[in-house]
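Topology and contacts: notes
Each chain is listed here by its residues.
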Amino acid sequence: MADIGGGGRGGAAGRFVVGVSGSLGSLTALHHAVAEARRTDAEVLAVLAWIPPGDGLGHHRTPCPPVLTASREAAATRLRQVLDEAFAGRHAGVRLRCQTVRGDAGHSLVRCADQPGDRLVLGAGRSRGRFSRLLRPSVTAYCVRHATCPVLAVPRSPLHHDLEALERGHDLRILSAGR
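The following paragraphs examine the structure supplied in this document. (Residues numbered from 1 in each chain as written. Predicted model: local features only at pLDDT ≥ 70, side-chain atom pairs only at ≥ 80, totals over all residues. Heavy atoms only, no water.)

**Re the overall build of the protein**
Helices and strands together make up the secondary structure of the protein, namely 7 helices and 6 strands. Of the regular secondary structure in the protein, the N- to C-terminal order runs β-β-α-β-α-β-α-β-α-α-β-α-α. Counting across all 179 residues of the protein, residues that qualify as buried make up 36%. Once local pairs closer than 6 in sequence are excluded, the contacts in the protein between residues at least 24 apart make up 76%. (Helix = DSSP H or I, 4+ residues; strand = E, 2+ residues; numbered from the N terminus. Buried < 20%, exposed > 50% of the residue type's maximum accessible area, 1.4 Å probe, protein only. Contact = heavy atoms within 4.5 Å.)

**Quick look at unusual backbone geometry**
The phi angle at Asp 41 is positive, at roughly 60 degrees, despite the residue not being glycine. Residue Ala 88 is not a glycine yet carries a positive backbone phi of 50 degrees. Here Ala 88 is to be found in the loop between helix 2 (65-87) and strand 4 (95-102). Given a relative accessible area of 63%, Ala 88 falls into the exposed group.

**A word on a nonpolar patch on the surface**
Taken together, the side chains of Leu 24, Leu 159, Leu 163 and Leu 166 present a nonpolar region at the surface, about 340 Å² in accessible area. Top element by residues in the nonpolar patch is helix 6 (residues 158-167). It accounts for 3 residues. Inspection of the secondary structure assignment puts Leu 163 in helix 6. Among the residues examined, Leu 163 registers a relative accessible area of 34% and is labelled partly exposed. (Patch = residues over 30% accessible without salt bridge, like charges linked within 9 Å, V, L, I, M, F, W, Y side chains within 5 Å. Areas by Shrake-Rupley, 256 points an atom, 1.4 Å probe, with all protein chains shown as cover. Salt bridge = Lys/Arg side-chain N within 4 Å of Asp/Glu carboxyl O.)

**Here we look at the pattern of salt bridges**
The full count for this structure, using the stated rule, is 4 salt bridges. Asp 118 serves as the salt-bridge partner of Arg 15, at 2.6 Å between the closest nitrogen and oxygen. Residue Arg 15 is located in strand 2 (residues 15-19), and its partner Asp 118 is located in the loop between helix 3 (105-112) and strand 5 (119-123); the two are separated by 103 residues in the primary sequence. On the basis of relative accessibility, which here comes to 2%, the residue Arg 15 falls in the buried class. Between Glu 36 and Arg 39 there is a salt bridge; the shortest N-O distance is 2.5 Å. Linking Glu 36 with Arg 39, this pair stays in helix 1 (residues 24-40), spanning 3 residues, or about one helical turn. Take Glu 36: its relative accessible area is 21%, and that puts it in the partly exposed class. Look at Arg 39 and you get exposed, because its relative accessible area is 61%. Here the salt bridges share partners, and the residues they tie into one network are Arg 15, Asp 114 and Asp 118.

The structure is reproduced here in structure tokens:
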């Protein structure tokens with residue numbers, strides 16, 4: 001685990017542990033956690049989980065130090081970029097700590113949300129088919145099943161739906177008028 005933020009342990013109000021990846025869902029969850037932390041005077045712990053290339057398949061027995069170092073640094077850089085984008089380079093207005101954690105997202109987030117009073121906040125993600133879920137299991141579903149603290153899955157914003165529709169080639173005016 002690498003801590004790239006400042007601040008101490010969570011206060012009496014506990015912490016909001018947020019999984020961030022840079023996706024719109026994770027940014028929505030981060031903003032929700034910050035708003036709740038502001039309201040309750042809690043700390044926010046933003047966590048970005050990372051896995052080096054080729055992790056698994058014997059990599060744990062013979063890791064390549066330069067690859068691990070580069071992957072760790074890339075994750076820390078990505079986390080800083082996500083936070084800069086989320087808050088437009090300004091202070092979030094709450095106690096905000098950041099960590100990069102080597103491991104899959106679900107397991108890493110559950111491990112990080114281990115203190116009394118913690119709440120785990122995640123973007124709800126998108127609906128996926130059965131085959132897609134087999135290849136990449138849902139982080140949110142994993143956390144709901146395994147976390148020892150409350151888990152809040154923040155729904156996707158209406159803007160997220162509109163952006164996906166644009167990516168699929170639909171006309172935004174038709175989508176917005178139909179609501």
